[in-house]
Amino acid sequence: MQEYYLGLDLGGTKILTGLADKNGKILARSRKDTEAKLGEEKIIANMVASIEEVLAKKNLQAEDIIALGIGSPGPLDAKKGIIIENSNLPWKNVPIVEKIEAAVGIKTLLKNDANAAALGEKWFGAGKEVDNMVYITISTGVGGGAIIKQELFSGVNDNACEIGHTVVDPDGPLCGCGNHGCLESFASGTAIARMAQEAAAEGKSKKMLDLADNIVEDVDAAICAQAAYQGDQTAKAIFAEAAFYLGIGLANLVNIFNTEMIILGGGVMKSADLFLDKAIATMRDNALPGPLEIVELREAELGSDIGLMGAIAVAMEDRLIKNG
Ligand SMILES: [Zn+2]
C-alpha cells in the first residue's frame, strides 16, 4: 500500500498544503489565503479546506494518510499541540492539533516553523549527508533549529535554538522580545529595514529614498539590498553591520553545538553576497578552533518550498529516523 503524508505551512497571509509520498515527493498542492483578520474559526476552516482540496486532487480519504505535519510561527507547545501566541494571527492558546484532528480525522503533529524547516533541510535539503546540523533562518525574524543525531533537539518545552533571541550586544537596539541587542535586532530583514529607514530619514542615502519614491516607511530590506548592489555606501554599511552580528551568532552556534554543518536560509539570504563573506570571516575570528575546524556552512536548498517540505518532514519524522 502507498504511504501518504501531508504537510501544512501556516503563514500569516497564506496556507500551503502538500501531499507527499513516502520519499517526500510532493504529489499535490493547495494554496489558500489565511484570512487571519477574520479570526480563529475562519483560519481553521481555511486550513481544513486546504487539506480537503489536496486530498480531493488525488482522490484520497483521511484514512489513506499516515500523518499531517503543521509548521507554524511560535511560540507554541509542540507536545501539547497548542499555538500559544502569534504576532501574525489573532489568536492565543489555540489547541490546533486537537481541532484539526477533530475536523479531518488525520493524526496531526505540530512544530514551530524554524524547527520544521530544520527538519526539511535535514531530510530533503542541504543536510541530507550529516547527522548533526543547525539550521538558521534569516528573514523577518531570525530563528533556528538544531538536529542532533538525526533528531530535532526541541528542548524541554520546545524553546531550544532560539538563536534570534541570543544577546549579541546588551547595549543594542530593543528587540520584539523585550530585550536589547538580540541577534534578531541586528541581522533580520526587520532590523535591516529599521537601520535603512533611520539612515534614509537622516538623509544618509538618497539612493534608498529614490528607490522608495521618497517614502521613508517604504524603505525595506529589499530596497536596502538594491541600493547596496547599486553601490550605495550607506546601504552597504548596513549589510556589513548585520553581517558582523550574524557572524557573532554563527560563532556562538559553532561553539555550542559543534555540528558538522550550519545551514543558512530565509528571505534575506537572497542577498547573501552582500553579507555572507563578512559573516563567515567574523565567525572564524570568534569561534573556537576545535568546532570551527569541522563545521561546514551551506545555503539552504529547499528555497520557497522550505515551509512545506519542513511540515512534510514533521509528519514523516518517525519514519525518516527509522529508515534514515
Ligand atoms: Zn529578542
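Just so it is clear, the model here is predicted, and its values are computed rather than measured.

Caption draft 1: Broad picture of the overall build of the protein chain. Within the protein chain one finds eleven helices and 13 strands. Expected size for 324 residues packed as a compact globule is a radius of gyration near 20 Å; at 20 Å, the protein chain falls within 12% of this value. Seen along its three principal axes, the alpha-carbon backbone of the protein chain occupies a region of about 60 × 50 × 35 Å. Out of the 324 residues in the protein chain, the part that is buried amounts to 54%.

Caption draft 2: Spotlight on the coordination of the zinc ion. Surrounding the zinc ion are the protein donor atoms H165 (ND1), C175 (SG), C177 (SG) and C182 (SG), at 2.0 to 2.3 Å. Around the zinc ion, the four donor atoms are arranged such that angles at the metal cover 102 to 122°; this shape is classified as tetrahedral. Positions of the donor residues of the zinc ion, expressed as sequence spacing, correspond to H-x9-C-x1-C-x4-C. In this pair, H165 sits in the loop between strand 11 (151-153) and helix 4 (184-187) while C177 sits in the loop between strand 11 and helix 4, placing the two residues twelve residues apart along the sequence. A relative accessible area of 29% means that H165 is categorised as partly exposed.

Caption draft 3: Main features of the packing of aromatic side chains. Taken as a whole, this structure holds three aromatic pairs when the rule is applied. Here the aromatic rings of F239 and F275 are separated by 6.2 Å at their centres, their planes lie at 15°, and the arrangement is stacked. You can see F239 sitting in helix 8 (residues 233-257) and its partner F275 sitting in the loop between strand 12 (261-265) and helix 9 (276-286), a full 36 residues away along the chain. A residue is classified by how much of its surface remains accessible, and F239, at 1% relative accessible area, is buried. Given a relative accessible area of 4%, F275 falls into the buried group.

Caption draft 4: The pattern of salt bridges, seen in detail. Scanning all chains against the criterion turns up 14 salt bridges. Between E41 and K99 there is a salt bridge; the shortest N-O distance is 3.9 Å. With E41 in helix 1 (residues 40-57) and K99 in helix 2 (residues 96-104), the pair connects residues that are 58 residues apart, well separated along the chain. Owing to a relative accessible area of 29%, K99 belongs among the partly exposed residues under this scheme.

Rules behind the numbers
- Residues numbered from 1 in each chain as written.
- Predicted model: local features only at pLDDT ≥ 70, side-chain atom pairs only at ≥ 80, totals over all residues.
- Heavy atoms only, no water.
- Helix = DSSP H or I, 4+ residues; strand = E, 2+ residues; numbered from the N terminus.
- Rg over C-alpha atoms; globule rule 2.2 N^0.38 Å.
- Buried < 20%, exposed > 50% of the residue type's maximum accessible area, 1.4 Å probe, protein only.
- Donors = N, O, S within 2.8 Å, 3.2 Å for Na, K, Ca; no water.
- Tetrahedral: all angles 85-135°; square planar, octahedral: opposite > 155°, others 65-115°.
- Phe/Tyr/Trp six-rings, centres within 6.5 Å; stacked < 30°, edge-to-face > 60°.
- Salt bridge = Lys/Arg side-chain N within 4 Å of Asp/Glu carboxyl O.

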